[in-house]
Amino acid sequence: MASNPRPLIGLLAGVTAGLVASAAMAAFQNQASKLVPKEDQSDGDPATVKAADVVVEAATGEKVPEPYREASGQAVHYIVGGVLGGIYGLITEYRPEAASGFGGAYGVVTSALLDEGAVPALGLGSGPSETPASIHAYGAASHLVYGMVLEGVRRIIAGAR
């Protein structure tokens, strides 16, 4: 347990770092997706767009209109990234060892929980056994980038603990 935890600083630093890390993850994915074999890529909507559809459909009875689908997916990506960053910022204030691997461990855990667990459980994507290995690697690498950028930016804002 850390001495003198600063929960508000941890939360704010984590949310901010989570947003920056989400942008870094998106930039990484933009380039890394070029390495994924075409036959392994899905031609359907990403899980983030499907999640936006679920929320909008619950509120309006309709899916996200076509002109807003990409932006709605990006909004979900950044909201989730900010929330996960805030959680990380809080955790590291109390348990500095949560920053293991310069945030890489947290990134890998988020990949497992989201891509391998929540997305299929919520019907937003294929289950782990139906997903090609290249997509698993792409997701894990993307979340590893997220976690490491998250930790780097959090340290700049909140200071190393």
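Shown above is the structure to which this text applies.
These notes cover the structure that comes with them. (Residues numbered from 1 in each chain as written. Predicted model: local features only at pLDDT ≥ 70, side-chain atom pairs only at ≥ 80, totals over all residues. Heavy atoms only, no water.)

Examining unusual backbone geometry
Phi is positive for Asn-4, close to 60°, though the residue is something other than glycine. For Asn-4, the position within the fold is in the segment before α1 (7-32). A relative accessible area of 65% means that Asn-4 is categorised as exposed. In this structure, Phe-102 takes a positive phi of about 50° despite not being glycine. With respect to the helices, strands and loops of the structure, Phe-102 is situated in the loop between α3 (69-94) and α4 (104-121). A residue is classified by how much of its surface remains accessible, and Phe-102, at 35% relative accessible area, is partly exposed. (Helix = DSSP H or I, 4+ residues; strand = E, 2+ residues; numbered from the N terminus. Buried < 20%, exposed > 50% of the residue type's maximum accessible area, 1.4 Å probe, protein only.)

Brief notes about the side chain of Arg-154
Tracing the chain through its elements places Arg-154 in helix α5 (residues 133-158). The class of Arg-154 is buried, set by a relative accessible area of 3%. Reaching out from Arg-154, the side chain makes a polar contact with the side chain of Glu-151 at a distance of 2.9 Å. (Polar contact = N/O pair within 3.5 Å; in protein donor to acceptor, adjacent residues only side chain to side chain.)

Topic: a nonpolar patch on the surface
On the surface, Met-1, Leu-8, Leu-11, Leu-12, Val-15, Leu-19, Leu-90 and Tyr-94 cluster together to form a nonpolar patch covering roughly 710 Å² of accessible area. Within the residue set of the nonpolar patch, elements represented by two or more residues are α1 and α3. By residue number, the principal contributor to the nonpolar patch is α1, which donates five residues. (Patch = residues over 30% accessible without salt bridge, like charges linked within 9 Å, V, L, I, M, F, W, Y side chains within 5 Å. Areas by Shrake-Rupley, 256 points an atom, 1.4 Å probe, with all protein chains shown as cover. Salt bridge = Lys/Arg side-chain N within 4 Å of Asp/Glu carboxyl O.)

Details of the packing of aromatic side chains
Using the criterion set out here, one finds one aromatic pair in the structure. The interplanar angle of 45° and the centroid separation of 4.6 Å between the aromatic rings of Tyr-88 and Tyr-106 together place this pair among those described as tilted. Placement of the pair is Tyr-88 in helix α3 and Tyr-106 in helix α4, with a sequence separation of 18 residues. Residue Tyr-88 shares its accessibility class with Tyr-106, and that shared class is buried. (Phe/Tyr/Trp six-rings, centres within 6.5 Å; stacked < 30°, edge-to-face > 60°.)

Observations regarding the pattern of salt bridges
In this structure the tally under the stated criterion is six salt bridges. Between Asp-53 and Arg-69 there is a salt bridge, with the nearest N and O atoms lying 2.6 Å from each other. Of the two residues, Asp-53 sits in helix α2 (residues 47-60) while Arg-69 sits in helix α3, which places them 16 residues apart along the sequence. You'll find Asp-53 and Arg-69 in the same group, each marked buried. Among the ionic pairs, Arg-95 bridges to Glu-97, the shortest N-O distance being 3.9 Å. Classification of Glu-97 as partly exposed rests on a relative accessible area of 48%.

Let's talk about the packing of α1 against α5
Relative orientation of the contacting elements α1 and α5 amounts to 145°, with a least axis distance of 7 Å. With respect to the hand of their crossing, α1 and α5 are arranged in right-handed fashion. Considered class by class, the residues forming the contact of α1 with α5 number 18 nonpolar, seven polar and one charged. (Axes fitted to C-alpha atoms, helices over the stretch in contact; angles between N-to-C directions. Left-handed = near helix turned anticlockwise from the far one by under 90°. Nonpolar A, V, L, I, M, F, W, Y, C, P; charged D, E, K, R; others polar.)

Notes on the nonpolar core
Counting ten residues, the largest nonpolar core is built from Ala-17, Ala-21, Met-25, Leu-84, Tyr-88, Ala-99, Tyr-106, Tyr-146, Leu-150 and Val-153. Those elements that place two or more of their residues in this core are α1, α3 and α5. Sequence-distant contacts of Tyr-88, defined by excluding residues within four places in its chain, comprise Ala-98, Ala-99, Gly-103, Tyr-106, Leu-150, Glu-151 and Arg-154. One finds Ala-52, Val-76, Val-119 and Leu-124 within the second-largest nonpolar core, a separate group that totals six residues. (Core = buried A, V, L, I, M, F, W, Y, C linked by side-chain atoms within 4.5 Å. Contact = heavy atoms within 4.5 Å.)

Here we look at α1
Given a rise of 1.5 Å per residue, 26 residues ought to cover 38 Å, and the 35 Å separating the end C-alpha atoms of α1 matches this to within 8%. If you check which residues of α1 are buried, you get Gly-10, Ala-13, Gly-14, Ala-17, Gly-18, Ala-21, Ser-22, Met-25, Gln-29 and Ala-32. Elements that come into contact with the buried residues of α1 comprise α3 and α5. (Expected span 1.5 Å × (residues − 1).)

None of the figures reported here should be taken as evidence of function without further support.
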